[in-house]
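# Fold and geometry: a report
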Amino acid sequence: MDSEIAVDCSPLLKIYKSGRIERLMGETTVPASLTPQNGVVSKDVVYSPDDNLSVRMYLPVKAAETGEKLPLLVYFHGGGFIIETAFSPTYHTFLTAAVSASDCVAVSVDYRRAPEHPIPISFDDSWTCLKWVFTHIAGSGSESWLNKHVDFSKLFLAGDSAGATIAHHMAMRAAKENLSPELSDSGISGIILVHPYFWSKTPIDDKETKDETLRSKIEAFWMMAATPNNKDGVDDPLINVVQSEAVDISGLGCGKVLVMVAEKDALARQGWGYAAKLEKSEWKGKVELVESEGEDHVFHLMRPDCEKALEAMKIFAGFLKGQMKI
């Protein structure tokens, strides 16, 4: 029974009839290091002892030496809510580069993954982590890097793919639920959504793929992550953020948004639609969209040294450093 496959989602994972899940990618991890890499040191810190959940933190060496207060990036990894971790080589490489380029402190959030822990557990874990981060706003939390080196007036959320979906919903929730008694607003300056994983049953415009096989695969991945709690399929408001008229995003809890899409990505039109929906809403902030021509989903993680990935990193870092026009 344990060798009989119930669902084969190669090259991502296989689910066996016994219930065992075999992830075929995103399981390799690399250790944090206090030996500088690209001028950045890292360490792992537990944020939820009850669920044994940790973050990987990143700090520029020069800030450790000077005690300078820097912006904070809270990052949510992608992987369809199912694969990857905050400790994988892919995300360690990306966050190290992002911190070096942006001159910020970063908290890379690890959350419990579906299907063992179905949605909305990943969202709830991410919220728990954000609340933990904000226990340091007065400089008296449990983690010294957050106490000593973070300017909490410059806090940003970001993520790619499913992580971008999480970042959006965290900013929505922060506008409604207070993250700290020290705050008079959401506490979030801006968000960066990289190739966000939003979807809907039908195409949102004439340019979105109508390939039923591809659309079914994208939908099936969501269903795998959201079952058994999901009753609406991809019309669930957690993923159908753009097309659904019932989903109001005008209350987004930040003042500026950067949406990054890749031209050949099947999800790209959702990113365009998200930016357009924000602009048309009563949200008072500013949104900018940047497209990487000729590239596909999370290309910058797969080929971090290619020209378009380096361009994307400059834009990502520029947003965090306040160098963009928005």
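Residues numbered from 1 in each chain as written. Predicted model: local features only at pLDDT ≥ 70, side-chain atom pairs only at ≥ 80, totals over all residues. Heavy atoms only, no water.

## Brief notes about the environment of V290
Condition: The way it works is that DSSP assigns letters per residue, a run of H or I at least four long becomes a helix, a run of E at least two long becomes a strand, and they are numbered from the N terminus.
Tracing the chain through its elements places V290 in strand 11 (residues 286–292). Considering only alpha carbons, one finds V290 and L53, 237 residues apart in sequence, at a separation of 33 Å.

## Remarks on the domain arrangement of the protein chain
As a reminder of what qualifies: For every domain, the bounds stem from an assignment made automatically or drawn from a database. It only takes one pair of heavy atoms within 4.5 Å for two residues to be counted as in contact. Buried surface area refers to the total accessible area, computed with a probe of radius 1.4 Å, that the two partners give up upon joining, counted for both partners together. Whenever Lys or Arg places a side-chain nitrogen within 4 Å of a carboxyl oxygen from Asp or Glu, that contact is recorded as a salt bridge. As used in this structure description, the phrase polar contact means that two N or O atoms lie within 3.5 Å; if the pair is within protein, one of them must be able to donate a hydrogen and the other to accept it, and residues adjacent in sequence are counted only when both atoms belong to side chains. Residues are grouped as follows: nonpolar covers Ala, Val, Leu, Ile, Met, Phe, Trp, Tyr, Cys and Pro; charged covers Asp, Glu, Lys and Arg; every other residue, Gly included, is treated as polar.
Annotation of the protein chain at the domain level lists domain 1 (1–30) and domain 2 (33–321). If you average the C-alpha positions of domain 1 and of domain 2, the two centres end up 26 Å apart. Between domain 1 and domain 2, the residue contacts involve 13 residues of the former and 15 residues of the latter. Surface buried jointly by domain 1 and domain 2 totals about 1,100 Å² across both partners, of which 66% is contributed by carbon and sulfur atoms. Interface area lost by domain 1 to domain 2 is led by R23, G26 and V30, which between them contribute 44%. Our count for the contact surface shared by domain 1 and domain 2 stands at two salt bridges. Note that R23 and E116 form a salt bridge whose closest N and O atoms lie 2.7 Å from each other. For the interface between domain 1 and domain 2, the tally reads six residue pairs in polar contact (both at pLDDT 80 or more). For the side of domain 1 that touches domain 2, the elements supplying multiple residues, two or more each, are strand 1 (5–9), strand 2 (13–16) and strand 3 (21–23). Here the residues of the side of domain 1 that touches domain 2 are counted per class, giving eight nonpolar, three polar and two charged.

## Quick notes on the sheet that holds strand 2
Basically, it comes down to this: For two strands to be treated as a pair, DSSP must find no fewer than two bridges joining them. Only the stretch in contact is used when fitting a helix axis, every axis being a line fitted to C-alpha atoms; angles between N-to-C directions are given from 0 to 180 degrees.
Pairing in this open sheet of three strands is antiparallel, and the strands run 1-2-3 from one edge to the other. Strand pairing shows two members of the sheet lacking a second neighbour, strand 1 and strand 3, which therefore form its edges. Within this sheet the neighbouring strands show an average axis-to-axis angle of 10°, counted without direction. One ladder, built from three bridges, connects strand 2 with strand 3; its direction is antiparallel. Looking across to strand 3, one finds that L13 is bridged to R23.

## Some remarks on the UniProt feature "domain: Alpha/beta hydrolase fold-3" (unreviewed entry) in the protein chain
Rules: UniProt positions are given in the numbering used here, feature names are shortened, and annotations may be inferred rather than shown by experiment.
The UniProt record marks residues 73–300 with the feature "domain: Alpha/beta hydrolase fold-3" (unreviewed entry), using the residue numbering of this structure. Its end C-alpha atoms 18 Å apart, residues 73–300 is made of 35% helix and 17% strand.

## Here we look at the pattern of salt bridges
This model, assessed by the stated rule, comprises 14 salt bridges. For E143, the salt bridge identified is with K43, shortest N-O distance 2.7 Å. Placement of E143 in the loop between helix 3 (121–134) and helix 4 (144–149) and of K43 in strand 4 (residues 40–48) is noted, with a sequence separation of 100 residues between them. With a closest N to O distance of 3.9 Å, D124 and R173 form a salt bridge. Note that D124 is positioned in helix 3 and R173 in helix 5 (residues 162–176), a separation of 49 residues in sequence.

## Brief notes about the pairing of strand 7 (residues 105–109)
For the record, the criterion: For every residue, the accessible area obtained with a 1.4 Å probe (protein chains only) is divided by the maximum for its type, and the residue is called buried under 20%, exposed over 50%, and partly exposed between those limits.
The element strand 7 is largely enclosed, with a buried count of five among its five residues. In strand 7, alternate side chains face the same way, and those of V105, V107 and V109 on one face and A106 and S108 on the other are all buried. One ladder, built from four bridges, connects strand 5 (residues 53–60) with strand 7; its direction is antiparallel. Its bridge partner lying in strand 7, R56 is registered against S108. Across five bridges, strand 6 (residues 70–76) lies against strand 7 in parallel orientation.

## Description of the nonpolar core
This is how it is decided: Buried Ala, Val, Leu, Ile, Met, Phe, Trp, Tyr and Cys residues form a nonpolar core when they are joined through side-chain atoms within 4.5 Å.
Counting 80 residues, the largest nonpolar core has L72, L157, I191, L252, V257 and Y274 as its most contacted members. The next biggest cluster of nonpolar side chains, apart from the first, holds 26 residues, and it includes I192, V194, A312 and L320.

## Things to note about the UniProt feature "active site" (unreviewed entry) in the protein chain
The UniProt entry lists S161 under the feature "active site" (unreviewed entry), expressed in the numbering used here. Secondary-structure assignment places S161 in the loop between strand 8 (150–160) and helix 5. Among the residues examined, S161 registers a relative accessible area of 7% and is labelled buried.

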